[in-house]
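Structure assessment
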Amino acid sequence: MDSALIPKGVRRCPLGHFVLFLAVVGAVLLWGVFAMVLCWIKGLNQTNMNDYYGFALWIWADLAVIALGGGAFFTGFLRYIIGKDELKNIINYAVLIGFICYSSALLILAIDIGQPLRGWFIFWHANVHSMLTEVAFCLSCYFAVLTIEYIPLILENRQADKVPFFHNLSHNMHEIMAVFAATGAFLSFFHQGSLGGVTGVLFGRPFGFREGVFIWPWTFFLFTWSAAACGPCFTILVTKITEAVTKKKLVKDNVIELLAKISGWMLLTYFVAKTIDTWYWASVTAPSMGFFLSDFYTGNPLYGWWILVTEIVVCGLVPALILITERGRKNKTSLVVAVVLASIGVSLNRWVMVLQVMAVPVMSFDNWAMYFPSWQEIATTILPVAYGIILIGISHRYLPIFPQEKELNPVD
Amino acid sequence: MKIDRRSFLSFIIGGAAGTALSPLPAKLTDDLSIWTQNWPWTPVPEDGEAIYADSVCTLCPGGCGISVRKIDDRAIKIEGMKGHPVNDGGICILGLSGLQLLYGPTRVKTPLKKTSNGGWKKISWDEAIAEVAENLGKLRSEGQPQALACISGSDQGTVPQLFRRFMTAYGSPNYMCVPSSQDSYSITLKLMQGAQASAGFDIENADFVLSLGSGIIEGWGSPVCMFKANSACEAKKGKVVQIEPRLSNTAAKADQWIPINPGTEGDLALGLAHLIIKDDLYDKDFVGNNTFGFDDWTDDKGKSCQGFRQFVLENYGPEKVAETTGIDADTLTSLAKSFASASNPVAICGRGQGKRPGSIHEFIAVHALNALKGSINRKGGVWAVPEPNYISWAEPETDAVAQKGLQTPRIDGAGTEKYPYTKSLLNRFAEVVGSEGESPVKMLFVSGANPCFTLPDTGAVKAAFENIPLVVSFSSYMDETAKAADLILPNHVFLERYEDVPPPAGVNKNVIGLSKPVVDPQFDTKHAGDAIISVAKALKGSVGSAFAWDSYEACLQETMGDKWDSLNEKGFVVPDTAPACEKTYTTPSGKFEFFAAGYEQVTIEGDEKWYPLILMPYDSMRLSSGFIGNPPFMTKTVEDTVLKGNDIVVEVNPLTVRESSALFVKDGDYAILSTPKGKATVRVHLSEGIMPGIVAMPTGLGHTAYDEYLAGKGTNFNELIGPVEDPASGLDAAWGIRAKLANIAS
Amino acid sequence: MKKEHEHKAKKYGMVIDLDKCTGCGACMVACMAENNVPFRADETDKLLSITWMRVYKLTNAMPFPKTEICYLPRPCMHCEGSHGHSPCVSVCPATATDYSEATGIVSQIYTRCFGCRYCMAACPYHARYFNWWDPVWPEGMEKYLSPNVSPRMRGIVEKCSFCFHRYQLAMEKAHYEGRHGLEEDEYQTSCTQACPAGAITFGDLNNPHHAVYKLKKSENAFRLLERLGTNPKVYYTSSRKWVRQAGDNYLRDEKDNVIDKSKFRN
């Protein structure tokens, strides 16, 4: 029925299946929307946040999706700036994932703030000293860039493409895409960094605080670095999931392997940098404030040494080693294991840099504070996931996201 | 014009783009944010002329001066009054919360009558007065005026005295007051000094304060005055030693905290006396010239009697006292030395806020210790503060019915041969009235008191209330007693009424204050003084003529006489008379009298076999445990180791749990606390600041009345304890009760 | 001397004598009553309870009977950081909280705050509170609300202001009377005024004529978390060493030595 909209030369599941799929995911989405409306109408008392956990699940989700969406800027950077031409075969998907991640981040922020209707004060009454101001500006600008990158893709839809104006617009936009990609990469280096700065500048929170250069704490660079390393891993992961769901090969192995290899080296260097940072923080920064590393990892039911080891070694060094070895990335299983670990690792890092910062007592007579999100928080956090799945579903069905699909899956 | 698809689309897209570029979205966005800044459901307090109105707080017997900040006719903040002799600008947490009582939802807004189904019906004041008068008239015509009883929160001041006068004119001896440690002190002063007085402690000028469980900075006596005195004492490098089993705030602030086996405070005082006498450290001048009974003596019949010296030397040796009190002999010795070597030492007792009376044994032992050092009626010591004498009304004339009624014995047995100095024994009330059968009390007035919450064995008290045919409450608030009443004649709250404020409790300040209306009455309430005058007038006859005043205000003005003007102007007067009685003693010997024997300790209720632990109450400034229920602000400050959700938290030493076979709990876990009187589910807070074997429970929680900010929070300690009569005074001397803690499942 | 100080910027601060503080809680209620702080039926979750002034209970962690308790009232510290960069002021994205160079007071603009709570994450003292609920007063009780402090709406952050409205009122009065400066007693916070034990002293830390100027120099004086460089304007004094040590975090080997506080001061 919708065959007129489906790109030529590809096979798609029957519309009925697709609608059923949309309905199931849509139900989850509606659950999230319900929770979101509750939060807006009744206020943030719907959450389990409190005065110790002003930042909680949502801010983590924000930081995590932005890190995972980092595949868009870094792949774009590699393709348009460095000139890794093979990556054109995955850039569309990276852009789409980025678009989903960033729009989700903005949505979550709109739920997270206590006065959403005053959200624009961040621009109007901007405080240039605040990392969050930097985040807001760069995030919005980059989201605009992602939208611009995503639009030509929409216009490539079979029906839209028939309109000469759209066809030409799309073509022209492709021509100048390098400019946008460069802008996007530049903006991303900044806002990924400023997200790292959000915690790093908190000199009242010895667990999060890092020294640095000029106004930027080390976390500024570590966040950019880790997003560049793990974002593409997430792009690979989502591509692999999409291939598994559609039961089709969509991107050629050499493309994936190239991206995996670059990610591997990024991850390895990140691992080294993060280890140095942790060591310096543990032996110089924290002790100067009167803290031993053990103060941060003992005396509470959750945050033990395991979290440090998991983040840095299991989800940092291990996937890095897998991805830099040819055998590792050529083996389908080990590749998937590596990209999963990397995605978990960066998410865990964001968790630690948000939630554990809040949990650690700073005043000597204060106590560890634990937190478990309310269902409204969980639902609103799952909401973007459902939204992402739906947008991927629709985009994949109707837009030529994967340039190699036709070649890899010839229709008889 | 033909509209095709293309032009339609162009119109829509163009229109949208045009709107987006117009100022409209910006204007809307701006308006929305302005709306969030002025949400109609967030109140905006009206501005107006700011003025201060001075008055005196009567929420406790502290008598603090207050300055109420007003905006037009609204009171917006209560502050301490600078320059007031009691509190000089300081103010306690309850006083600060006073406006929540004034404007709070627990106020009784009109006279109420209980309906047959337990609900309330609004009635007019005329109806209310008529109804009370009618019932009183009936009782009188039946020749049973003594079946009217009255419970008053205090004995001092014109309003309690008006109630007392009413009782006399009406013909009932059954006027009872809510007891406190001051009752025990009064009896002690009567016995040892012959004085009709209350005890006033000059902590400010003492250089060594030995507190046997008194919460000097937890609301004992006049709270703010005591706080200030304590700070002043410390500023002069005075020492405070706190003796009690729990690390209370007073203990925490004291120079030394010495835990003691509870209930053995009297033995400690006598043990210290032993050491002081043995080492010849007592004030020989005072003891030699002003006391009687120190050395052995011979009575009129020629019988030789043991003196105090011999008595303590024989019976209270340090080893023995160390064993009883649990305080080692060395500590006892050094404590005795410090007390004796101080120039102005003073010993004080009355546990916690001093709301509960105690055993006379303990009080006379402590008072004897003061006498040994001559700390009686002198700077830095304890003063016998005479009862205020500014109320000098002519005795009411009584008719035959009244005279007959007054001849009947008091239902509580106070003032009898057995307890000659005891004025009332409210602790016997529940037992006397009983829960079934005919009650000797047919009608009851309750004013300024909430016995259905504050009396021990609250369950029995409530049952007794149900057994009384007509209970009339004069409470301003829908408290437990008001809820149990049949008629409520709501009083103005303190910020709406005139009332004299007798000198503050527990201190030697001779100040009479005047509480003045700061705002107009908020509801259809009536001054309790006016209400009782109206009731009397409605009864006519001799009762009516005993109340010749037109109104309470006229009565007050007349009573105060020449003090009225300066009272009205300044808010307080300091009478010219000496701050306390002369150094004369009106005992049979004309001297301060020591007692050697004849007074015993009380044993608390419960069998150790079944109840291995001891449950003790503790008072806190953040919990109002008396007649006034905790306002929301105060409840907000209560720590989560005292109240968590609706659960009361009890303090227990970790050792108590470790050594118990029935209790396996971590900090914050639930347990069942049971005593011979009752059972409650509690949470356990493991604290090192309490003696093993003791369970400490906060007082002031467990209200069943009031609003959602107070009702249902925690457990009322009084439900878990019953009164234990002191053999010498008949007053309740229970300082705790045996108890058991067990896991929920067992 | 006096003239000199009239021109110097004021730096309002507090010195709280922990030896005097009895933990009675009067300061907490004095603050709530002065500043229209709302309350709810259940305030026992202290992580959700708005208490601009909160009294903490410290213990020395020794077993019975060597246990000791010390109460520590904690208002907003009005941190100066370095050059006015307090932990919270520098992070607020909407300039809704500001450091006044004239008074040293960290303000909060309720109508500008949009509730991102970054400042709360930044404050190690937990002095900042979020309005998770709409403030609701039982019927009739809104009568006692003061017009000098606007009640806060849901969804924004609030905190102790050192009763800044009192400063404004005092300055207004002084202005009408043609005076430029304020006497020490003309501007006092509500908690200072109420404390029945007289534990709190408030004044201009820069003014040698004010009591706080001398008190802050006591050898028993310390501030909370000085090592973080927050540079707070609330000083505490305690004669007990363990209390002074509890004011900051120390590594094991540091703790045994006598702590030289000046080392951490900027």
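Residues numbered from 1 in each chain as written. Chains lettered and ligands numbered in written order. Predicted model: local features only at pLDDT ≥ 70, side-chain atom pairs only at ≥ 80, totals over all residues. Heavy atoms only, no water.

1. Topic: the overall build of chain B
Helix and strand counts for chain B stand at 26 helices and 30 strands. For chain B, the C-alpha radius of gyration of 29 Å lies close to 27 Å, the compact-globule estimate for 746 residues. C-alpha extents for chain B along the principal axes are approximately 135 × 70 × 55 Å. The buried share of chain B, reckoned over its 746 residues, is 61%. (Helix = DSSP H or I, 4+ residues; strand = E, 2+ residues; numbered from the N terminus. Rg over C-alpha atoms; globule rule 2.2 N^0.38 Å. Buried < 20%, exposed > 50% of the residue type's maximum accessible area, 1.4 Å probe, protein only.)

2. Thoughts on the overall build of chain C
The number of helices and strands found in chain C is 8 helices and 10 strands. A total of 266 residues make up chain C; the buried ones form 66% of that total. Taking the contacts inside chain C whose residues are at least 6 apart along the sequence as the reference set, 64% of them involve residues at least 24 apart. As displayed, chain C offers around 9600 Å² of accessible surface, 52% of which is attributable to carbon and sulfur atoms. The average position of the 36 basic charges and that of the 30 acidic charges among the side chains of chain C differ by 3 Å. (Contact = heavy atoms within 4.5 Å. Areas by Shrake-Rupley, 256 points an atom, 1.4 Å probe, with all protein chains shown as cover. Lys, Arg positive; Asp, Glu negative; His and termini not counted. Charge placed at Lys NZ, Arg CZ, Asp CG, Glu CD.)

3. Considering the interface of chain B and chain C
Where interface size is given, it is often the accessible area lost as the parts come together that is meant. Listed per partner, the contact involves 65 residues of chain B and 67 residues of chain C. The three residues of chain B that bury the most area against chain C are Lys-253, Phe-633 and Lys-636 of chain B, which together make up 14% of that side's buried surface. Applying the counting criterion to the chain B and chain C interface returns 4 salt bridges. With its nearest N and O atoms 3.9 Å apart, the salt bridge here joins Lys-57 of chain C to Glu-639 of chain B. The interface formed by chain B and chain C contains 26 residue pairs in polar contact (both at pLDDT 80 or more). When its residues are assigned to classes, the side of chain B that touches chain C shows 32 nonpolar, 15 polar and 18 charged. (Buried area = accessible area lost by both parts, 1.4 Å probe. Salt bridge = Lys/Arg side-chain N within 4 Å of Asp/Glu carboxyl O. Polar contact = N/O pair within 3.5 Å; in protein donor to acceptor, adjacent residues only side chain to side chain. Nonpolar A, V, L, I, M, F, W, Y, C, P; charged D, E, K, R; others polar.)

4. Describing the interface of chain B and chain A
Counting from both sides, the interface comprises 8 residues of chain B and, opposite them, 5 residues of chain A. The junction of chain B with chain A conceals about 590 Å² of combined surface from both sides, 64% of it contributed by carbon and sulfur atoms. If you look at where chain B meets chain A, you find 0 salt bridges. Across the contact surface, chain B and chain A share 1 residue pair in polar contact (both at pLDDT 80 or more).

5. Re the sheet that holds strand β8 (residues 200-204) of chain C
Residues and elements named next belong to chain C. Reading across from one edge, β8-β1-β10-β9 is the order of the 4 strands in this open sheet, with mixed pairing throughout. At either margin of the open sheet sits one strand with a lone partner, and together these are β8 and β9 (221-222). In terms of strand pairing, strand β1 (residues 12-17) meets β8 through 5 bridges, oriented antiparallel. By the bridge assignment, Gly-13 is partnered in β8 with Gly-203. (Pairing = 2+ DSSP bridges.)

6. Description of the pattern of salt bridges
All chains considered together, the criterion is met by 45 salt bridges over all chains. Of the charged contacts, one joins Arg-79 of chain A and Asp-85 of chain A as a salt bridge, the two residues approaching to 3.9 Å between their closest N and O atoms. Put simply, Glu-605 of chain B and Lys-677 of chain B hold a salt bridge, and the shortest N to O gap is 3.1 Å. Taken as a pair, Glu-605 of chain B in the loop between β23 (592-593) and β24 (613-618) and Lys-677 of chain B in the loop between β27 (670-675) and β28 (678-686) lie far apart in primary sequence, 72 residues in all.

7. Description of the packing of aromatic side chains
Using the criterion set out here, one finds 74 aromatic pairs over all chains in the structure. Among the aromatic residues, those joined into a ring-pair cluster are Phe-163, Phe-166, Tyr-170, Trp-393, Phe-445, Phe-474, Phe-547 and Trp-549 of chain B. When the ring centre of Tyr-316 of chain B is taken as reference, the NZ or CZ atom of Lys-320 of chain B above it lies at 5.5 Å. The lysine or arginine in question, Arg-54 of chain C, covers the ring of Tyr-56 of chain C, its NZ or CZ lying 4.4 Å from the ring centre. (Phe/Tyr/Trp six-rings, centres within 6.5 Å; stacked < 30°, edge-to-face > 60°. Lys NZ or Arg CZ within 6 Å of the ring centre and 35° of its normal.)

8. As for the sheet that holds strand β2 (residues 65-71) of chain B
Residues and elements named next belong to chain B. Ordered by their spatial adjacency, 3 strands build an open sheet running β1-β2-β3, and the pairing between neighbours is antiparallel. Each edge of the open sheet carries a strand with a single partner, namely β1 (50-56) and β3 (74-80). In this sheet, adjacent strand axes meet at a mean angle of 30° when their direction is disregarded. Pairing between β1 and β2: 7 bridges, direction antiparallel. (Axes fitted to C-alpha atoms, helices over the stretch in contact; angles between N-to-C directions.)

9. A look at the packing of helix α4 (residues 88-112) of chain A against helix α6 (residues 131-155) of chain A
To characterise two packed helices, one gives the angle between the axes of the helices and the distance between these axes. All names here are of chain A. Contact pair α4 / α6: the axes reach a minimum separation of 9 Å and the direction vectors enclose 140°. Accordingly, the angle class assigned to the pair α4 and α6 is oblique. Between α4 and α6 lies a crossing whose hand is left-handed. Of the residues in α6, those touching α4 at Asn-92, Val-95, Leu-96, Gly-98, Phe-99, Tyr-102, Ser-103, Leu-106 and Leu-109 are Leu-139, Tyr-142, Phe-143, Leu-146, Thr-147, Glu-149, Tyr-150 and Leu-153. Split by residue class, the contact of α4 with α6 holds 12 nonpolar, 4 polar and 1 charged. (Parallel < 35°, antiparallel > 145°, perpendicular 65-115°, else oblique. Left-handed = near helix turned anticlockwise from the far one by under 90°.)

10. Details of a negative patch on the surface
Taken together, Glu-46, Asp-47, Glu-49, Asp-72, Asp-73 and Asp-520 of chain B make up a surface patch of like negative charges. Mapped onto the elements, Glu-49 of chain B comes out in the loop between α2 (24-37) and β1. (Patch = residues over 30% accessible without salt bridge, like charges linked within 9 Å, V, L, I, M, F, W, Y side chains within 5 Å.)

11. Some words on the domain arrangement of chain B
All names here are of chain B. Domain boundaries assigned for chain B yield domain 1 (5-103), domain 2 (112-181 + 389-573), domain 3 (203-380) and domain 4 (613-742). On a C-alpha basis, the centres of domain 3 and domain 4 stand 28 Å from each other. The interface is formed by 24 residues belonging to domain 3 together with 23 residues belonging to domain 4. Across the interface of domain 3 and domain 4, roughly 1800 Å² is buried in total on both sides, 64% from carbon and sulfur atoms. A per-residue breakdown of the area domain 3 buries against domain 4 is headed by Arg-246, Pro-262 and Arg-356, which together make up 33% of the total. Taken together, domain 3 and domain 4 are joined by 2 salt bridges. Where Arg-356 meets Asp-619, a salt bridge forms, and the shortest distance between an N and an O atom there is 3.3 Å. Put simply, the parts of the chain that give the side of domain 3 that touches domain 4 at least two residues each are α8 (223-235) and β15 (345-352). For the side of domain 3 that touches domain 4, a count of residues per class yields 11 nonpolar, 8 polar and 5 charged. (Domains from an automatic or database assignment.)

12. Looking at the nonpolar core
Counting 330 residues, the largest nonpolar core has Leu-210, Phe-308, Leu-369 and Leu-372 of chain B as its most contacted members. Counting residues per element, this core draws most heavily on helix α11 (residues 253-288) of chain A, which supplies 14 residues. (Core = buried A, V, L, I, M, F, W, Y, C linked by side-chain atoms within 4.5 Å.)

13. Focus: the side chain of Asp-112 of chain A
Mapped onto the elements of the fold, Asp-112 of chain A is located in helix α4. The class for Asp-112 of chain A is buried, based on a relative accessible area of 1%. Apart from the residues within four sequence positions on either side, Asp-112 of chain A is in contact with Leu-44, Met-49, Trp-58 and Ile-59 of chain A together with Gly-115, Cys-116 and Arg-117 of chain C.

14. Here we look at the pairing of strand β26 (residues 647-652) of chain B
Residues and elements named next belong to chain B. Here β26 lies mainly inside the structure; 6 of its 6 residues are buried. Residues Asp-647, Val-649 and Glu-651 line one face of β26 and the alternating positions Ile-648, Val-650 and Val-652 line the opposite face, and both faces are buried. A loop of 2 residues connects strand β25 (residues 643-644) with β26, the two strands running antiparallel in sequence, and Gly-645 in this loop sits at a positive phi of about 60°. Summarising the sheet, β26 and strand β29 (residues 694-698) pair through 2 bridges and their orientation is antiparallel. In the strand pairing of β29, Val-652 is matched with Val-695.

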